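Examining the three-dimensional arrangement
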Amino acid sequence: MKHICLGISIVVLCCILDSGAAEEQKDGKKYAVRAGKILTMARAEEPEAGRRVVNHGLILISDGKIEALGPATEIQVPDSYALIDAADRWAMPGIVEAHTHIGTEGGFNDMVVPLNPELRMADCVNPEDIAVEKAVTGGVTTVNTMQGSGTNLGGFTVIIKMDPSRPEKMILREFGAMKMTQAFNPERRGGDLGLTRMGMSWMIRYVLREGKEYTEAWQAYEDGQREDKPEYKPELEKMRKAFEGKIPTIVHTYTGWGVMQTIRTFYDENNLKVIPTHTAGGGYLVGNEAAKRDDVHINIGPRVLDFSWTEEYDNRFHGMGSEYYARGVTNLSINTDSVGWSHFIAPQEELAAQAAMSARLGLDDQAAIEAITIRAAQALGIDDRVGSLEVGKDADIVIKQGSLLDVATPVDLVLVNGRVVYQRRSLNLVAEPEKPTTEEE
Amino acid sequence: MMILGRKQQKTREGANRAGRVTVRALSTHLLAVSLALCVAGSAMADGEVTAIRGGDIYTITSGVIKSGTILIEDGKISQIGQNVALPKSTKVIDAKGKVVMPGLVAAAASMGGAGYSSRKIADSLDPYHYSVSLALASGVTTLFVYGQRPSDQEPVGGTNAVIKPTFGDLEGMLVKESVAENLNISNSQWLRRTNFMLKLREAQSYLQKLADYQQAQAKQRKGQPPRKPSGTDAYIRLLKREAPARLRASTADDILAALEIVDEFGIRIILEDAVEAWTVAEEIAKRDVAVVMTPRQKRRPNKEISRPSGSSLENAAILKKAGVKFAIIPTSPAFALWGIAGRDLMTLPVEAAFAVSGGLDEQTALEAITISAAEIIGAADRVGSLQVGKDADIIVLDGHPFHYSTFVELTFVNGKLMYDKKKSTYFSHIEHDGDLTDSIYGSGLSPMDPNRSPAAEGGLIPFDPNQ
């Protein structure tokens, strides 16, 4: 009996190993996506044409990347490719979220000291968060998930892909952005220095100066401009990435003066690539100042409209997105600021609806889709991998019967890194390739 | 001026009182807007005949009339069709290329200060409240509002009403006060639920004794009339099916427990929230119980039980399939000014569009924010569809109701034009170029097709790539 058991367990073990191998093989699965319309969100060859749209197109996918993309008439589908038939559907890039809090456990803010350059969100990625599973149902494939805005420097965010089936491959970039907070939230906290805006500004400038000096010292040493080795400070080490331009700084800020202060403190004084995020309460009023500067990337949400009936105001509903565009800001992305999974503000899967509401309030349709794809990717500096459908980029693709902006049509199928991670129940758009009969299984 | 009954007069004074306080608190700026809207409202004198001509009329109850005309007389719809002869001196409103449909009905809402620091809703209504003008701008023309809710100790109590956003006009604002009994019970609140059941039985036994007594009287027999137990009026109304009970029941357990009460006492109930209704849709359908729900409501599945649980975007579609009547309300059923867009009554059709993305057909989704909602709140004799004889609560839209860029252009309440997008400050600066369906990046939604259901062929349960 014992022998039989052992035998069975060996068989089971073999099966497990076998399925592991099959899983690896699946990674390398090749797909051909036939789509009625492809919104690539990549720049068209002629700049005046805007973004490239391919009607009756084909996308070839292998090794998780886009291998070819173009009109179906110009691309041959090799035999070994599984066909995803979306001939009467739209194919669009997976949605990119620049500001959210999902997919983490034990994150948010430590709330002991107001400056935490030592903390990193990458330590608490939780692939089992239900919000991750739901995110793909709304076409979201990449998110920058981060600390809260309870302290002035919350730490470093992490950029993750929405394929929880392979937790070890979820992290796209371990250091997503430096998360800082400039207006309102930290001021609410009772405490000592930093309770007022003056104190808070001092904190921010203090830590930025520390980080900048540390970075400069090490750069000088590494360039041979200085002999003595600077002291290694683990808590400041991560800030080098921001000061060396490798990652952006995302700053929680509100209102016109708040956004202006963010632009001055981070961009003008410290030459940091900055993403002022939220910016409600009239942030767009300084949109022209943001537009003047290359590396200021506005990120709006979860509020996307401003309204006030005070006398100095005009009693109008202002779409924040369209108001920024009217002032020349095109580096514009939209967020959900999603926390957990609830219906109260905006859950992660409804980022496209956030863009649709911005379009409703006057933002151009194309700009609204850019704001949840390529513009968000550019803000985070990951546009070499995601945000548009181009050869060589990650095969993160959303397929549905309408535009991303159409809230009445559901997402039908989602690919992340070339893997089908979601398909609507009872749909079967994937046709396996016919296997040559001679080949052994 | 109309002669008011004593009761109405009292009501009016109360409301004026409330109105004065609120108006003082508001800025003069809003007053200016109010005046502008008043002018729009009073531009059409009583007795004048108005025609809305040339639009595609979504009647809701009898299909779409292409390029049709609606005639409005004395605040009511007097004629509707493709060939309507216009009487002399008819004021004609051109709606060519527009969608004309009934004003939207919100089966749960807050508006106009209803229920604010008054025992009666009628005493609290403020026709100048900012939310009234926002309701008009959003095309919502009939609303069910709660006044006071039952206290923590009582299972039944408080008040509710059906109201209209008649800006600046208190007379037309209240349609009816107390259209349902507010119930405050759930399976987990066992004490309140037990009290409710005990009181219902008490009322039931009283009604039985009363019937026996009346029978005895009819047969000329002697006897004492039974004494009505104190505090059972609401229970008696429920048992006589004079009013439905509205109660919040989110989980399948709560819903089934509510249905048990229906089985035992035969009362009418309306379930609110009903986020797990999709798991017990057949049971709800059997009892002919109506539901007020929010398609985007979120609830995590309960991993400790083996049956389906939690929220589903397919909730509305499954209820429809089972034959349950339901109304759709947004995640925050109010007029929200804090910047979150698409989740409140300013965009009620967006919530219905989410039900469509969950597999519901467009016609039923439209009904859920018009006629079905009107039926559930007991106002279908007056509102919820475009039919001759009904109140002329009509909205004119610049596109498909479920397109994200569609705005309300005109809102009529009781036959009066009360909102004109062009003349109001709210949205007049927002214009979308050309035909929405032409946009490369837009949705390409075709004109109204009642049977269109983009999600009908599949469900929304996540696909497991390993299966």
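This section reports on the structure supplied with the text. (Residues numbered from 1 in each chain as written. Chains lettered and ligands numbered in written order. Predicted model: local features only at pLDDT ≥ 70, side-chain atom pairs only at ≥ 80, totals over all residues.)

Turning to the overall build of chain A, a few remarks are in order. When helices and strands are tallied, chain A shows twelve helices and 20 strands. In terms of overall dimensions, chain A is globule-like: its C-alpha atoms have a radius of gyration of 24 Å, near the 22 Å expected for 441 residues. When its C-alpha atoms are laid out on the principal axes, chain A stretches across 75 × 60 × 45 Å. A buried classification covers 53% of the 441 residues belonging to chain A. Counting only contacts in chain A whose residues sit at least 6 apart along the sequence, the fraction spanning at least 24 positions is 69%. (Helix = DSSP H or I, 4+ residues; strand = E, 2+ residues; numbered from the N terminus. Rg over C-alpha atoms; globule rule 2.2 N^0.38 Å. Buried ≥ 20, exposed ≤ 12 C-beta atoms within 10 Å, placed from the backbone. Contact = placed C-beta atoms within 7 Å.)

On to the overall build of chain B. Secondary structure assignment for chain B yields eleven helices and 17 strands. Per-residue burial over chain B gives 51% buried out of 467 residues. For chain B, restricting intrachain contacts to residue pairs at least 6 apart in sequence, the fraction spanning at least 24 positions comes to 67%.

Attention shifts here to the sheet that holds strand β7 (residues 153-156) of chain A. Residues and elements named next belong to chain A. A sheet is described by the order of its strands in space; here six strands give the open sequence β7-β10-β11-β12-β13-β16, paired in mixed fashion. Only two strands of the sheet have a single neighbouring strand rather than two, namely β7 and β16 (332-334). When the angles between neighbouring strand axes are averaged without regard to direction, this sheet yields 20°. Looking at chain direction, strand β11 (residues 249-253) and strand β12 (residues 274-278) are connected through five bridges and run parallel. (Pairing = 2+ DSSP bridges. Axes fitted to C-alpha atoms, helices over the stretch in contact; angles between N-to-C directions.)

Counting residues in each nonpolar core, the largest one holds 252 residues, and the members touching the most others are I59 and A355 of chain A together with A106 of chain B. Counting residues per element, this core draws most heavily on strand β1 (residues 31-43) of chain A, which supplies eight residues. A domain-level breakdown of this core finds at least three residues from each of domain 1 (28-93 + 389-441) and domain 2 (95-380) of chain A. Here I59 of chain A is in contact with V33, A35, I38, I66, L69, A91, L389 and I397 of chain A, once residues within four sequence places are set aside. (Core = buried A, V, L, I, M, F, W, Y, C linked by C-beta atoms within 7 Å. Domains from an automatic or database assignment.)

All names here are of chain B. In space, the four strands of this open sheet follow the order β6-β7-β8-β9, with mixed pairing throughout. The sheet is open, and its two edges are formed by β6 (104-109) and β9 (174-177), each paired on a single side. Mean inter-strand twist for the sheet, computed between neighbouring axes without regard to direction, equals 15°. Sheet analysis places β6 next to strand β7 (residues 140-146), joined by four bridges and oriented parallel. Residue pairing for β7: L104 is matched across the bridge by V140.

The next subject is helix α7 (residues 256-268) of chain A. Among the residues making up α7 of chain A, those that are buried are G258, V259, Q261, T262, I263, T265, F266 and Y267 of chain A. Buried residues along α7 of chain A sit in contact with α4 (197-222), β11, β12 and α8 (287-292) of chain A.

The side chains of a regular strand alternate, first on one face of the sheet and then on the other. Residue and element names in this part refer to chain A. Neither face of strand β17 (residues 397-400) is left uncovered, since the one carrying I397 and I399 and the one carrying V398 and K400 both have all their residues buried. Across four bridges, the pairing between strand β4 (residues 82-93) and β17 is antiparallel. Bridged to W90 within β17 is K400. As paired strands, β17 and strand β18 (residues 411-416) are joined by four bridges and run antiparallel to one another. Paired with I397 across the bridge in β18 is L415.

Within the secondary structure, V54 of chain A sits in strand β2 (residues 51-62). Owing to 20 C-beta atoms within 10 Å, V54 of chain A belongs among the buried residues under this scheme.

Another point: helix α10 (residues 351-360) of chain A. Residue and element names in this part refer to chain A. Buried residues dominate α10, accounting for ten of its ten residues. For α10, the complete set of buried residues consists of L351, A352, A353, Q354, A355, A356, M357, S358, A359 and R360. On its buried face, α10 sits against β5 (95-100), β6 (140-145), β15 (318-319), α9 (320-326), β16 and α11 (365-370).

On to the environment of K29 of chain A. Along the chain, the position of K29 of chain A falls in the loop between α1 (2-27) and β1. Along the primary structure K29 of chain A and R43 of chain A are separated by 14 residues, whereas in three dimensions their C-alpha atoms are 28 Å apart.

What follows covers the pairing of β7 of chain B. All names here are of chain B. Of all seven residues in β7, six are buried; the element is thus mostly enclosed. As a crossover connection, the stretch from β6 through helix α3 (residues 130-138) into β7 is right-handed. Where β7 meets strand β8 (residues 160-163), four bridges bridge the pair, whose relative direction is antiparallel. Bridge pairing links L143 to I163 in β8. (Right-handed = clockwise from strand over helix to strand, strands pointing away.)

On to the environment of P308 of chain B, then. Position of P308 of chain B among the secondary structure elements: in the loop between β13 (290-293) and α8 (315-322). A sequence separation of 28 residues divides P308 of chain B from V280 of chain B, and the C-alpha atoms of the two residues are 9.5 Å apart.

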